[in-house]
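A look at the structure
Single-letter residue listing:
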Amino acid sequence: MTAENTTYISGLHQFEDQTATLQGWVQNIRSSKSLIFVIMRDGSGLCQCIVSKDDVPEKVWDKAGQLTQESSLRIKGMVKKDDRSAGGYEMHVRDLDIIQIARDYPITPKEHGVEFLMENRHLWLRSQRQWAAMRVRNRIIFAVHEFFQQQGFVQMDAPIFTGNAAEGTTNLFETDYFDQKAYLSQSGQLYGEAMALAHGKIYTFGPTFRAEKSKTRRHLTEFWMIEPEMAFYDLKLNMDLAEDMVVFIVERVLLDCRSELETLGRDVSKLEQVKKPFPRITYTEAVELLSGEKTKNLLDTMERDNTAALQAISTEIPQLEAEHGKAKKGRKFQIDRRLKELRAQREEAEENLRNLPVWRKSALETKWGDDFGGSDETLLTMHFDRPIMVHGYPAEIKAFYMKRDPNDDRVALGVDVLAPEGYGEMIGGAQREDDLETLRARIKEHDLDESVFDWYLDLRRFGTVPHSGFGLGLERTVAWICGLSHVRETIPFPRMLGRLTP
């Protein structure tokens, strides 16, 4: 077969009503007596390729009949516009070459358990949902670079091996570094401060590591952080920048990834609410909101609504299942789609009802001085339709480098940006302490070894200025924008407690 007009699926629009060649893999395949429908994937998208027994030589028909899921192949055919097809085009096949027949591919269209999929993560990445999530991740990364470059920031890199910890050593991976003790970085922030005092505005973008023994849906042991640092920025300017960045990222994803969000089943109307200004509330106001009547009423309403939803779903599912056996092919497709929606709604409602006692307990017991946990963050965001900014946390629960409020020494000039829909903290930031002696006292209060921070203290000895910064967790941001329930689906090969392979 001659590779005439070889292109990617994303470029098929250039060959409408012409012959073109695609190279890729079989995502799915179905057949009848005279037609074989091959859903082909090449990395850039999906295309339905139709093999008609009447239009191809017998050897091509026989080859098409051998194809299996994930077989690799090269297909040549006529490109036709079809708005019903993925990508808007389909191919009427004239010839094909098989590169390899895949035997016994383990991930079939049936349902698989999470552990099975995680063991086969190297293959699970090929599935349509995972493909879509990775494309959104890619667009978010590009948007981050676009935003900061347009704002005049310089991208710089912080080391991964460090001799000191940004926030103490209790949640760090320790390693031997040529007979010295070293740690895998939990943040590039301290180094970012040094670079900001050289370049004014910088950002780092790299992997970070946390040794917390946590199994929640929000935690990874290896993840990526975007960390800008800015000279002459106070807390307000810091918050303004974080707000602008989040809005910019969401706008770009909505502009360029609509089809991927549709594949993921994401309710884009919720992302369309992400506009300035974000609600800004103090930590004290957040505590009052959590423990107040407004949150109690919200949880009572949620319990009633989810209970009623489960009752309606439990009635509709058996009815559809009974109809399915007698239904014609088109109706069966509609029923299958509706059943999938109902089961997802049932799972969500059941999870909400399981969580309600935890949320109620969390709200009831919240008091000033406590750090917010995942339940607290979830409850807070339920009151708003966009990210919220909580600032002015108790200094005792924050890192040593955060500057105190000059009007209230109990309060740190820090901020957390909480994603809506229960996704929790995606940004943590603060104005940094810029006074040498105050910072030395904070290091001592936190029982840290001042000698390993000597270079960091130099930043306050030589030309100190007010400065601020924050860190955005990429995977939590991807989870929120994609509507994914667990961060393990937001990174190609997640590293979690007990998960080091593949």
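Below or above, wherever it landed, is the structure these notes cover. (Residues numbered from 1 in each chain as written. Predicted model: local features only at pLDDT ≥ 70, side-chain atom pairs only at ≥ 80, totals over all residues. Heavy atoms only, no water.)

**Here's the deal with the sheet that holds strand β5 (residues 89–100)**
Pairing within the closed barrel is mixed, and its five strands lie in the order β1-β2-β3-β5-β4. For this sheet, the mean inter-axis angle between neighbouring strands, taken without regard to orientation, is 55 degrees. Where strand β1 (residues 19–31) lies against strand β4 (residues 72–81), seven bridges are found, and the strand directions are antiparallel. Within β4, the residue paired with Gly 24 across the bridge is Leu 73. Most of the contacts of helix α1 (residues 58–66) go to β5, to which it runs at about 80 degrees, and overall it touches β1, β2 (35–41), β3 (46–52) and β5. (Pairing = 2+ DSSP bridges. Helix = DSSP H or I, 4+ residues; strand = E, 2+ residues; numbered from the N terminus. Axes fitted to C-alpha atoms, helices over the stretch in contact; angles between N-to-C directions. Contact = heavy atoms within 4.5 Å.)

**Considerations on empty space enclosed by the protein**
Picture a little ball the size of a water molecule; that probe, rolled over the atoms, points out where space is still empty. Counted by the stated rule, this structure contains three cavities of 30 Å³ or more. Looking at the second largest cavity, its volume works out to about 50 Å³. Lining the second largest cavity we find Arg 217, Arg 218, Tyr 423, Arg 476, Ala 479, Leu 484, Ser 485, His 486 and Val 487. (1 Å grid on protein atoms, 1.4 Å probe; cavity = no way out; pocket = protein on both sides within 12 Å on 5 of 7 lines; lining within 4 Å. Points joined across faces, edges and corners; volume = space filled by probe spheres on them.)

**Some points on the sheet that holds strand β12 (residues 280–282)**
One open sheet holds the eight strands; their spatial order is β6-β10-β11-β18-β17-β16-β13-β12, and the pairing between them is mixed. Of all strands in the sheet, those bounded by a partner on one side alone are β6 (154–155) and β12. In terms of strand pairing, strand β16 (residues 414–419) meets strand β17 (residues 424–431) through six bridges, oriented antiparallel. Within β17, the residue paired with Ala 419 across the bridge is Gly 424. In the packing of helix α6 (residues 235–256) onto the sheet, contacts are made with β11 (222–231), β12, β13 (388–391), β16, β17 and β18 (467–473), and the angle to β18 comes to roughly 30 degrees. Along the sheet, helix α15 (residues 474–482) makes contact with β10 (201–209), β11, β16, β17 and β18, crossing β18 at roughly 55 degrees.

**Re the side chain of Gln 27**
Following the sequence through the fold, Gln 27 ends up in strand β1. Residue contacts for Gln 27: discarding those within four places in its chain leaves Ile 39, Arg 41, Leu 46, Gln 69, Glu 70, Arg 126, Ser 127 and Gln 128.

**Comments concerning the packing of helix α4 (residues 128–150) against α6**
Contact geometry for α4 and α6: axes closest at 9 Å, N-to-C directions at 135 degrees. The angle between α4 and α6 places the two elements in the oblique class. Relative to α6, α4 is oriented so that their crossing is right-handed. Across the interface between the two elements, Val 136, Arg 139, Ile 140, Ala 143, Val 144, Glu 146, Phe 147, Phe 148 and Gln 150 from α4 touch Leu 241, Asp 244, Met 245, Phe 248, Ile 249, Arg 252, Val 253 and Asp 256 from α6. Residue composition of the contact of α4 with α6, by class: 11 nonpolar, one polar and five charged. (Parallel < 35°, antiparallel > 145°, perpendicular 65-115°, else oblique. Left-handed = near helix turned anticlockwise from the far one by under 90°. Nonpolar A, V, L, I, M, F, W, Y, C, P; charged D, E, K, R; others polar.)

**Remarks on the pattern of salt bridges**
Tallied over the entire structure, the rule returns 44 salt bridges. The shortest N-O distance in the salt bridge between Glu 323 and Arg 331 comes to 2.8 Å. Residue Glu 323 is classed as partly exposed on the basis of its relative accessible area, which comes to 31%. In this structure, Asp 370 engages Lys 367 in a salt bridge whose closest nitrogen and oxygen atoms are separated by 3.4 Å. The class of Asp 370 is partly exposed, set by a relative accessible area of 25%. (Salt bridge = Lys/Arg side-chain N within 4 Å of Asp/Glu carboxyl O. Buried < 20%, exposed > 50% of the residue type's maximum accessible area, 1.4 Å probe, protein only.)

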